[in-house]
Amino acid sequence: MIQISHQRKKCIGCNYCVELAPNRWRMNKKDGKSVLLESENKKGFYIVEVNEIEFNENLAAARVCPVKIIQVKILNR
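Residues numbered from 1 in each chain as written. Predicted model: local features only at pLDDT ≥ 70, side-chain atom pairs only at ≥ 80, totals over all residues. Heavy atoms only, no water.

Enquirer: Explain the pattern of salt bridges to me, please; I cannot follow it from the model alone.
Expert: When charged atoms on two side chains of opposite charge get close, those side chains can pair. In total, this model carries three salt bridges according to the counting rule given. Of the charged contacts in the structure, one is a salt bridge between R24 and E38, with a shortest N-O distance of 3.8 Å. Of this pair, R24 sits in the loop between helix 1 (16–20) and strand 2 (25–27) while E38 sits in the loop between strand 3 (34–36) and strand 4 (40–42), and the two are 14 residues apart along the sequence. Its relative accessible area of 6% is what places R24 among the buried residues. Between E54 and R24 there is a salt bridge whose closest N-O contact spans 2.8 Å. Remark: R24 occurs in the loop between helix 1 and strand 2 and E54 occurs in the loop between strand 5 (45–50) and helix 2 (55–64); sequence separation between them is 30 residues. Each of R24, E38 and E54 takes part in one network of salt bridges that share partners. (Salt bridge = Lys/Arg side-chain N within 4 Å of Asp/Glu carboxyl O. Helix = DSSP H or I, 4+ residues; strand = E, 2+ residues; numbered from the N terminus. Buried < 20%, exposed > 50% of the residue type's maximum accessible area, 1.4 Å probe, protein only.)

Structure below.
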């Protein structure tokens, strides 16, 4: 499993995450910020655990995020 976390409040709406990992990210039409799909808000961090199959595309999204608010890590279980 991997964990993806997102500090949505700091999002600037660049859309890179949606372009690189469209199955996990969407843009919110109301505020123009990205949404980490199926995530849970934990004190301002939106967190979701997903299968390793999503690792590469979400890691790419994290790397290109201009405000560095996306983290992707492998969970040891």
